[in-house]
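Topology and contacts: notes
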Amino acid sequence: MISLHAKSIDIQGSTKIISLILLDFLEGLGQSSKKPRSQFSTRFMTGTLEMDGWSRLGPLTLREGETAQAQIYSCLREALISGYFRPGEEISLRHTAKVLGTSVTPVREALRQLESDGGLEVWGGNRVLRVPILSEAELTDIRDIRLNLEGFAATLAIENVTASQIRLIANACAMMRRASDEGNADRYLESNWRFHKLIYAAAHRPVLMGVIEGMWLRVGPLIRHAVKAPHHLNRSMEHHDRAEQALRDRDGAALREAIVQDISDAAADLGATLKRYEQGG
């Protein structure tokens, strides 16, 4: 398990730290991929969402100055991070192109890129493309990396965040609060990613941000199920409110603590959900 501590982190050497953590993570995935997947997968794939992910995507309006492939990739990446698709869900090339209203070719390239990123995987004898179903070991790896890297990013953000950025973060927090009050998990998850992303982006560390996004890409579909746990949204909003206040107070330690507790509680809820599926509950 990775055990970095904020007080011992050398900020100037952060790129080296990130590289070492990422290397450890990739080695862990290589080992865990050789182990059998959790037996909960079949039942897990039968769960329903409040709203079908495809209906939330809708036709994509392509912008000038950027390739269709890049825009499709970005759209699907954000959808995976925000929990539009459930673990084990198959992603059809032609259906994706139909929903987005684009040709097949740029969709094919975007899906290949997402597979390379770990957001999708080829599975089964028919080699269908689907959203991965993480094992318990993989989930633990991702949790530990998120705790360290996102806590680190939060500490760095305090040094650079501007008043206008804090207003944007506060707006995302308000949207989460409204979604929580309404019990709207779909809207909550979209605002949740925006909230965290805005905080980490304030650190101005693109390499660090890229690794964090990669972790969210893999765990996003699972987070969608964690929000169903009793009192999850209320607990999560308490952490987000504390994080927002820490930003206003310019308190790096308090911000890091709020972020770490948010990740820890979400991981605990998710772990309990996986165990219930495995036990047939």
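In this text the structure is predicted, and so the values were computed from the model without any measurement.

Describing the overall build of the protein
What the protein contains, in helices and strands, is 12 helices and 2 strands. Secondary structure elements of the protein occur, N-terminal to C-terminal, as α-α-α-α-α-α-β-β-α-α-α-α-α-α.

Here we look at the packing of aromatic side chains
Scanning the model with the defined rule gives 3 aromatic pairs in all. Residues W54 and F85 carry aromatic rings whose centres are separated by 4.8 Å and whose planes lie at 45° to one another, so their mutual orientation is tilted. Of this pair, W54 sits in helix α3 (residues 53–57) while F85 is found in the loop between α4 (68–81) and α5 (93–100), placing the two residues 31 residues apart along the sequence. By relative accessible area, W54 is classed as buried at 9%.

Remarks on unusual backbone geometry
With a phi angle near 55°, R127 is a residue other than glycine that sits in the positive phi range. Within the secondary structure, R127 is located in the loop between β1 (121–123) and β2 (128–130). Phi at R250 takes a positive value of approximately 55°, unusual for a residue other than glycine. For R250, the position within the fold is in the loop between α11 (232–249) and α12 (252–278). Judged by relative accessible area, R250 falls into the partly exposed class, the value being 40%.

A word on the nonpolar core
Counting residues in each nonpolar core, the largest one holds 72 residues, and the members touching the most others are L57, F85, I199 and L255. Filtering out sequence-adjacent residues up to four positions away, L57 remains in contact with C75, L76, A79, Y84, F85, V99 and L100.

With respect to the environment of T102
Inspection of the secondary structure puts T102 in the loop between α5 and α6 (104–117). Judged by its relative accessible area of 18%, T102 is buried. For T102 and Q69, which are 33 residues apart along the polypeptide, the C-alpha to C-alpha distance reads 9.8 Å. Contact partners of T102, with chain neighbours within four places excluded, come to I72, A97 and V107.

Brief notes about α6
A rise of 1.5 Å per residue sets the reference length of α6, with its 14 residues, at 20 Å; its end C-alpha atoms lie 20 Å apart and thus fit the reference within 8%. Those residues of α6 hidden inside the fold are in contact with α4, α5, β2 and α10 (206–226). Within two residues after α6, G118 carries a phi angle of roughly 95°, on the positive side.

Section: the side chain of N184
Mapping N184 onto the fold places it in the loop between α8 (163–182) and α9 (185–201). Judged by its relative accessible area of 19%, N184 falls in the buried class. Polar side-chain contacts of N184 include one of 3.2 Å to the backbone nitrogen of D186.

Focus on the pattern of salt bridges
The tally for this structure, following the rule as stated, stands at 15 salt bridges. Measuring nitrogen to oxygen at the nearest pair gives 3.0 Å for the salt bridge that ties R56 to E190. With R56 in helix α3 and E190 in helix α9, this residue pair connects regions lying 134 residues apart in the sequence. What makes E190 partly exposed here is its relative accessible area of 32%. Among the salt bridges present, the one from K197 reaches E78, with a minimum N-O distance of 3.5 Å. Here the residue K197 occupies a position in helix α9, and E78 occupies one in helix α4, the gap between them amounting to 119 residues. The class of E78 is partly exposed, set by a relative accessible area of 28%. Here the salt bridges do not stand alone but share partners, grouping R56, D186 and E190 into one network.

Quick word on the packing of α9 against α11
Two elements in contact, α9 and α11, have axes separated by 12 Å at closest approach and are oriented at 30°. On the basis of their axis angle, the class for α9 and α11 is roughly parallel. Judged by the twist between their axes, the crossing of α9 over α11 is left-handed. Here Y188, N192, F195, H196 and I199 of α9 lie close against α11, whose contacting residues are L233, S236, M237, H240, A243 and L247. When its residues are assigned to classes, the contact of α9 with α11 shows 7 nonpolar, 4 polar and no charged.

Focus: the packing of α9 against α10
Between α9 and α10, the least distance of the axes is 12 Å, while the angle of their chain directions is 165°. Between α9 and α10, the interaxial angle falls into the category roughly antiparallel. For α9 against α10, the interelement crossing comes out right-handed. Of the residues in α10, those in contact with A185, D186, L189, N192, W193, H196, K197, Y200 and A201 of α9 are M209, I212, E213, W216, I223 and R224. A per-class count over the contact of α9 with α10 returns 9 nonpolar, 2 polar and 4 charged.

Rules used in this analysis
Throughout this description, residue numbers start from 1 for each chain and increase along the sequence as written. Confidence filtering applies because this is a predicted model: local features only for residues at pLDDT of at least 70, side-chain atom pairs given and counted only at 80 or more, and all residues used for totals across whole chains, interfaces and linings. Hydrogens are left out, water is left out, and the side-chain values use all remaining heavy atoms of the structure. Runs of H or I in DSSP of at least four residues are treated as helices and runs of E of at least two as strands, each being numbered from the N terminus. Planes of paired rings set the category: under 30 degrees apart is stacked, over 60 is edge-to-face and the rest tilted, where pairs are Phe, Tyr or Trp rings (Trp by its six-membered ring) whose centres lie within 6.5 Å. Each residue is assigned to one of three classes by its accessible area relative to the maximum for its type, calculated with a 1.4 Å probe on protein chains only: buried under 20%, partly exposed between the two thresholds, exposed over 50%. By nonpolar core we mean a set of buried residues, namely Ala, Val, Leu, Ile, Met, Phe, Trp, Tyr and Cys, connected to one another through side-chain atoms within 4.5 Å. Two residues form a contact once any of their heavy atoms are found within 4.5 Å. How far a helix is expected to stretch is found by multiplying one less than its residue total by 1.5 Å. We call two N or O atoms a polar contact when they sit within 3.5 Å, provided that within protein one can donate a hydrogen and the other can accept it, with sequence-adjacent residues counted only if both atoms are side-chain atoms. In what follows, salt bridge is the name for a side-chain nitrogen of Lys or Arg lying within 4 Å of a carboxyl oxygen of Asp or Glu. Note on geometry: axes are C-alpha line fits, over the in-contact stretch for helices, and angles between N-to-C directions span 0 to 180 degrees. Roughly parallel means an angle under 35 degrees; roughly antiparallel, over 145; roughly perpendicular, 65 to 115; everything else is oblique. Each crossing gets its handedness from the near helix: less than a right angle anticlockwise from the far helix is left-handed, clockwise is right-handed. For this classification, the nonpolar set comprises Ala, Val, Leu, Ile, Met, Phe, Trp, Tyr, Cys and Pro, the charged set comprises Asp, Glu, Lys and Arg, and every other residue, Gly included, is treated as polar.

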